[in-house]
Amino acid sequence: MLLHILGSCAGTEPVAGRDYTSWVLECDDCAKYWFDCGGAAARTAYLKGLDPTDIRALFLSHTHLDHIAGIPLLLQTIKKQQWLVHDPSYQALPIYTSRPQILDAAREFFICERGNLAHASPEEFTLELHELSAGEIFRDNNIAVEALPNNHQPPDPATGKPVSYSFRIFCQNMTIVFTGDIANLDEIAPWLQQHVDVLLLETGHHKPWEQCEQIRLRGWNIDQLLFVHNGHCIFDDPVTAKKRADQAWGKPVIFSCDGMTFPLLP
Ligand SMILES: [Zn+2]
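Enquirer: Would you mind showing me how to read the packing of helix H6 (residues 208-218) against helix H8 (residues 238-249) here?
Expert: The angle between the axes and the distance between the axes are what describe a pair of packed helices. Contact pair H6 / H8: the axes reach a minimum separation of 7 Å and the direction vectors enclose 10 degrees. Judged by the angle between their axes, H6 and H8 are roughly parallel. Between H6 and H8, the residues in contact are Trp209, Cys212, Glu213, Ile215 and Arg216 and Ala241, Arg244, Ala245, Ala248 and Trp249, respectively. In terms of residue class, the contact of H6 with H8 is made up of seven nonpolar, no polar and three charged.

Shown next as structure tokens:
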């Protein structure tokens, strides 16, 4: 099982060598599960050799553009790959999101772009909407995914529904938590009070060493701490930031970079 970082940057101004947030969990049968899709995630994935036509599902923590702007390019990459390999077997891309409107926006991109893709397969894949809610949202033979609303964005004023989520993934006896963007770690405390193998922790809105100290003081049992959605606290002085974070947690943390791949060993 592998964890690929496609984009490691928070929604700040463009940063050299850093694209916006996206990562992929690849299981031993090569099935891939995408979490967020910022920037040119599909390009990075393709160049890493990750086939875009076997994405089992795309989970969107919320619909800020640093987490979703790469969706049109992802759709284009899937379509192009279908044509290049003459394989129309990829029928549907399931997208899990709090904002159903995003599917209409994506379809508009399809419609606008279709005239330029004369060789598109007549069996073009469809987009399959799944609206997020709290609790288990996905299960197949590889993984189960739970969603938990957080306070990064207020609920939709029209419907009262939460629009910003964190995810917990169970896969091959491992537990992975992805914070998405959060206001405070307390929002996912119910998950952190149980053992977590890998915590993907956003730090664009926080100081990593302060998050590390909070985790240590609360006694949360986390094996691996992987910072994603990174911001200036890390970019401006990574050496000092790493030293402070390691000291605050009492163990080495990992500041992720674009293109990194981590083996996950249960
Ligand atoms: Zn963000």
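Enquirer: Help me understand the sheet that holds strand S14 (residues 261-263), please; the structure alone is not making it clear to me.
Expert: Whenever strands of a sheet pair, they do so through backbone hydrogen bonds, lying parallel or antiparallel. Strand order in the open sheet formed by seven strands is S6-S5-S4-S3-S2-S1-S14, with mixed pairing between adjacent strands. Among the strands making up the open sheet, the edge pair consists of strand S6 (126-131) and S14. Adjacent strand axes in the sheet meet at a mean angle of 20 degrees when their direction is disregarded. Relative to S14, strand S1 (residues 2-7) runs antiparallel, the two being bridged by three bridges. Bridge pairing in S14 links Leu2 to Pro263. Packed on one face of the sheet, helix H3 (residues 71-85) meets strand S3 (32-35), strand S4 (55-59), strand S5 (92-97) and S6 and runs near 170 degrees to S4.

Enquirer: Sorry, what's going on with the pairing of strand S10 (residues 174-178) here?
Expert: Taken residue by residue, a regular strand's side chains alternate between the two faces of the sheet. Counting buried residues in S10 gives five out of five residues, a clear majority hidden from the surface. Because side chains alternate across S10, one face comprises the buried residues Met174, Ile176 and Phe178, and the other comprises Thr175 and Val177, equally buried. As paired strands, strand S9 (residues 165-171) and S10 are joined by five bridges and run antiparallel to one another. Paired with Arg168 across the bridge in S10 is Val177. Here S9 folds back onto S10 in antiparallel fashion, the turn holding two residues, of which Gln172 has a positive phi close to 50 degrees. Pairing geometry for S10 and strand S11 (residues 196-202), over three bridges, is parallel. Bridging across to S11, Ile176 finds its partner in Val198.

Enquirer: Where do I start with the pattern of salt bridges in this structure?
Expert: Pairing is possible between side chains of opposite charge, provided their charged atoms come close. Scanning all chains against the criterion turns up 10 salt bridges. In this structure, the salt-bridge partner of Asp54 is Lys32, at a minimum N-O distance of 3.0 Å. Taken together, the residues span a long stretch of sequence, with Asp54 in the loop between helix H1 (41-47) and S4 and Lys32 in strand S3 at a distance of 22 residues. A relative accessible area of 4% means that Lys32 is categorised as buried. Glu136 serves as the salt-bridge partner of Arg139, at 2.9 Å between the closest nitrogen and oxygen. A single salt-bridge network, built from bridges that share partners, covers Glu26, Lys32 and Asp54.

Enquirer: Just checking my understanding: could you explain the nonpolar core for this structure?
Expert: One broad trend across soluble globular proteins is that nonpolar side chains are buried collectively. Trp23, Leu25, Phe59, Phe167 and Ile169 are the most contacted members of the largest nonpolar core, which totals 31 residues. It is S9 that provides the largest number of residues to this core, a total of four residues. Excluding anything up to four places from it in sequence, Leu25 contacts Met1, Leu2, Ala31, Lys32, Tyr33, Phe35, Ile143, Ile169, Cys171, Ile176 and Leu264. One finds Ala189, Ile215, Ile222 and Ala241 within the second-largest nonpolar core, a separate group that totals 28 residues.

Enquirer: Whenever I open this one, a nonpolar patch on the surface confuses me. Can you help?
Expert: A cluster of nonpolar residues, Tyr46, Leu47, Leu84 and Val85, forms a patch on the protein surface that exposes about 390 Å² of accessible area. Mapped onto the nonpolar patch, the elements with two or more residues apiece are H1 and H3. Tracing the chain through its elements places Val85 in helix H3.

Enquirer: How do you make sense of the coordination of the zinc ion when you look at a structure like this?
Expert: As a benchmark, a tetrahedral metal site with four donors has ideal angles of 109.5 degrees, while an octahedral site with six donors has ideal angles of 90 or 180 degrees. For the zinc ion, the full set of protein donor atoms is Asp66 (OD), His67 (NE2), Asp181 (OD) and His229 (NE2), and the range of their distances to it is 2.1 to 2.2 Å. Seen from the zinc ion, its four donor atoms lie at angles of 90 to 177 degrees, and the figure they make is irregular. Note on Asp66: relative accessible area 11%, which makes it buried.

So, how was this worked out
- Residues numbered from 1 in each chain as written.
- Predicted model: local features only at pLDDT ≥ 70, side-chain atom pairs only at ≥ 80, totals over all residues.
- Heavy atoms only, no water.
- Axes fitted to C-alpha atoms, helices over the stretch in contact; angles between N-to-C directions.
- Helix = DSSP H or I, 4+ residues; strand = E, 2+ residues; numbered from the N terminus.
- Parallel < 35°, antiparallel > 145°, perpendicular 65-115°, else oblique.
- Contact = heavy atoms within 4.5 Å.
- Nonpolar A, V, L, I, M, F, W, Y, C, P; charged D, E, K, R; others polar.
- Pairing = 2+ DSSP bridges.
- Buried < 20%, exposed > 50% of the residue type's maximum accessible area, 1.4 Å probe, protein only.
- Salt bridge = Lys/Arg side-chain N within 4 Å of Asp/Glu carboxyl O.
- Core = buried A, V, L, I, M, F, W, Y, C linked by side-chain atoms within 4.5 Å.
- Patch = residues over 30% accessible without salt bridge, like charges linked within 9 Å, V, L, I, M, F, W, Y side chains within 5 Å.
- Areas by Shrake-Rupley, 256 points an atom, 1.4 Å probe, with all protein chains shown as cover.
- Donors = N, O, S within 2.8 Å, 3.2 Å for Na, K, Ca; no water.
- Tetrahedral: all angles 85-135°; square planar, octahedral: opposite > 155°, others 65-115°.

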